[in-house]
Amino acid sequence: MDTQQTKSGSASALVPGASASPFDGSTHRVRRANLQAALQHVYRERVTSRASISKDTGLTRATVSDLILQLVRSGLVREIGPGTSSGGKPPTLLGLNADGRAIVAIDLSRQPFRGALLDLTGGIVQRIDGRRDAVRGDAGVEEVFRLVGSLVSSASAPVLGIGVGTPGIVDADGAVVEASNLAWHGVPLRRELAIRTQLPVTVANDAHASALAEFETTHASANLVVVKVGVGIGAGIVVDGHLHLGDRPAAGEIGHIRVVEPGLPCHCGNTGCLETVASVPSIVRSAAAIAGVDDDDGRPWEVRQLSAAFGPEPVWNAIREAGRNVGAVLANVVAILDIHRVVVSLEIDGGLEPFLDAIRTEVASRVLPDLAPVIDVSAGESGPDLVISGAAAMVLRHELGVMWR
Ligand SMILES: [Zn+2]
């Protein structure tokens, strides 16, 4: 799968005293491909041997031994110990050296922002939350710099790279062209972070990063739609195993499709957009309106807290109505592309099941009767860490050329 928003640096520069990274620009193309194939085998099998890698990749035993020597020296693979002998000398088992590198991942789709340090297996080693009052404009950009700086300085392994998932439209150089929810217009985020940290940086749309995470961790199907519902609404669409980016690239910007005539004004300048009736702030507003209570706009996004403020029924009704609106738009997406698997992320803790049910019912009522039963609308495997996982997956893919599984 391709995401395009990167300028790779050389990881070798980050390992003082260590051998050169096997994947830096000076490595011959064929050798780099062989190293990636061997490492991908280790990623998939978790515990393996040189003989298994040779059998799987078709490379000679001597070549594999040479590649593994380089991967072990560079700290990506480690020897675990002797395996079971099938006659002669027992093979030495190999595994991923999870702590050999750290990955910095940032999720800007949530307020406050969130960041994490991950190991090479995708395990989260450390988390950090941003400040609630620093999510927009220049203060938001500064907050990203602060979170990244803090995570990079606390990493106990060399940092492989930095991945950022952001709302809005991201261009090929990792600049945020437009993210109205963050009040960002033309923010050269990738370039600024790369200059500040001297590390490889990848920036992508949050829904695109989420789709990458879901695709790579589940491999459940070659076609997939991931819908993220938070402050805004966006989708990441995987077609035939490739993330579909589009011309701008802004594929999956479903939040600004009009669903209500004429509808409420949207911050994009139009009226009646999906975001005006199905984003989390609009769900909270709607629950408050149903309950006849003032919405103070500062409540945590949790069903328990919202129910305490507005009563349970208004909250469930608002969530179900939002789900129906999302389902109305999704029906078009799945019918046009013939995609059967839909993963939904909703940033209201405890609110996902009724939301999913409403989406399922609405989609089923709007597509051909024989398509309806095969459409699977479900929660993602990565849960609330979907964007974090996706941002880290981008780094892994761009810097080492491998996928989680
Ligand atoms: Zn709009």
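Shown above is the structure to which this text applies.
Residues numbered from 1 in each chain as written. Predicted model: local features only at pLDDT ≥ 70, side-chain atom pairs only at ≥ 80, totals over all residues. Heavy atoms only, no water.

The next point concerns the pattern of salt bridges. Taken as a whole, this structure holds 21 salt bridges when the rule is applied. The closest approach of N and O atoms between Glu143 and Arg131, which form a salt bridge, is 3.6 Å. Here the residue Glu143 occupies a position in helix 4 (residues 137–154), and Arg131 occupies one in the loop between strand 7 (124–129) and helix 4, the gap between them amounting to 12 residues. You can call Glu143 buried: its relative accessible area is 2%. Since its relative accessible area comes to 41%, Arg131 is described here as partly exposed. (Salt bridge = Lys/Arg side-chain N within 4 Å of Asp/Glu carboxyl O. Helix = DSSP H or I, 4+ residues; strand = E, 2+ residues; numbered from the N terminus. Buried < 20%, exposed > 50% of the residue type's maximum accessible area, 1.4 Å probe, protein only.)

Taken together, five strands build an open sheet; the order of strands is 15-14-13-16-17 and the sheet is mixed. This sheet does not close on itself; its edge strands, each paired only once, are strand 15 (242–244) and strand 17 (376–379). Across the sheet, the mean angle from the axis of one strand to that of its neighbour is 25 degrees, orientation sign disregarded. Bridge count between strand 13 (residues 224–229) and strand 14 (residues 233–239): six bridges; the pairing is antiparallel. Pairing of Val229 across the sheet is with Ile233, part of strand 14. Contacting strand 13, strand 14 and strand 16 (341–346), helix 10 (residues 312–337) runs over the sheet at an angle of about 160 degrees to strand 13. (Pairing = 2+ DSSP bridges. Axes fitted to C-alpha atoms, helices over the stretch in contact; angles between N-to-C directions. Contact = heavy atoms within 4.5 Å.)

Bound to the zinc ion are the protein donor atoms His256 (ND1), Cys266 (SG), Cys268 (SG) and Cys273 (SG), situated 2.0 to 2.3 Å from the metal. One can describe the donor arrangement at the zinc ion as tetrahedral, given that its four donor atoms subtend angles of 104 to 122 degrees at the metal. Along the chain, the residues donating to the zinc ion are arranged with the sequence spacing H-x9-C-x1-C-x4-C. Taken together, the positions of His256 in the loop between strand 15 and helix 7 (274–278) and Cys266 in the loop between strand 15 and helix 7 put the pair 10 residues apart, joining distant regions of the chain. The class for His256 is partly exposed, based on a relative accessible area of 26%. Classification of Cys266 by relative accessible area gives buried; the value is 9%. (Donors = N, O, S within 2.8 Å, 3.2 Å for Na, K, Ca; no water. Tetrahedral: all angles 85-135°; square planar, octahedral: opposite > 155°, others 65-115°.)

Along the chain, the position of Asp338 falls in the loop between helix 10 and strand 16. Overall, the relative accessible area of 46% leaves Asp338 in the partly exposed class. A polar side-chain atom of Asp338 sits 3.0 Å from a polar atom in the side chain of His340. (Polar contact = N/O pair within 3.5 Å; in protein donor to acceptor, adjacent residues only side chain to side chain.)

Taken together, Val239, Ile336 and Leu337 make up a surface patch of nonpolar side chains, about 270 Å² in accessible area. Within the secondary structure, Ile336 sits in helix 10. The exposure class assigned to Ile336 is exposed, which follows from its relative accessible area of 69%. (Patch = residues over 30% accessible without salt bridge, like charges linked within 9 Å, V, L, I, M, F, W, Y side chains within 5 Å. Areas by Shrake-Rupley, 256 points an atom, 1.4 Å probe, with all protein chains shown as cover.)

What follows concerns the sheet that holds strand 11 (residues 184–187). Taken together, three strands build an open sheet; the order of strands is 9-10-11 and the sheet is antiparallel. Of all the strands in the sheet, just strand 9 (169–170) and strand 11 have a single pairing partner and so form its edges.

With that settled, consider the packing of helix 9 (residues 303–310) against helix 10. In contact at an axis separation of 7 Å, helix 9 and helix 10 are set at 125 degrees when each is read in the N-to-C sense. Between helix 9 and helix 10, the interaxial angle falls into the category oblique. Judged by residue contacts, Val303, Leu306, Ser307 and Phe310 of helix 9 engage Pro312, Pro314, Val315, Trp316 and Ile319 from helix 10. Among the residues making up the contact of helix 9 with helix 10, the classes are represented as eight nonpolar, one polar and no charged. (Parallel < 35°, antiparallel > 145°, perpendicular 65-115°, else oblique. Nonpolar A, V, L, I, M, F, W, Y, C, P; charged D, E, K, R; others polar.)

A few words on helix 3 (residues 61–73). Owing to its 3.6 residues per turn, the α-helix brings residues three or four apart onto one side. Helix length check: helix 3 (13 residues) gives 18 Å between terminal C-alpha atoms against 18 Å at 1.5 Å per residue, within 8%. Of all the residues in helix 3, the buried ones are Val64, Leu67, Ile68, Gln70 and Leu71. An end-on view of helix 3 places all buried positions within 160 degrees of arc, on one side of the element. Summarising the geometry of helix 3, the exposed residues directed more than 90 degrees from the buried face are Ala62 and Arg73. (Expected span 1.5 Å × (residues − 1). Arc of directions from axis to C-beta.)

A few words on the side chain of Glu214. One can find Glu214 in helix 6 (residues 206–218). Among the polar contacts listed, one links the side chain of Glu214 to the side chain of Arg341, at a separation of 3.1 Å. In this structure Glu214 touches His219, Leu224, Val226, Arg341, Val343, Gly380, Glu381, Ser382 and Leu386, once residues within four positions along its chain are discounted.

Core analysis: the largest hydrophobic core is formed by 41 residues, its most contacted members being Val227, Val326, Leu330 and Phe355. Counting residues per element, the ones that place at least two in this core are strand 13, strand 14, helix 7, helix 8 (280–291), helix 9, helix 10, strand 16 and helix 11 (352–366). Residues contacting Val227, with those up to four places away along its chain left out, are Ile233, Gly234, Ala235, Ile254, Val326, Leu330, Val342, Val343, Val344 and Ser345. Formed by 34 residues, the second largest nonpolar core is a distinct cluster that contains Leu39, Leu212, Met394 and Val402. (Core = buried A, V, L, I, M, F, W, Y, C linked by side-chain atoms within 4.5 Å.)

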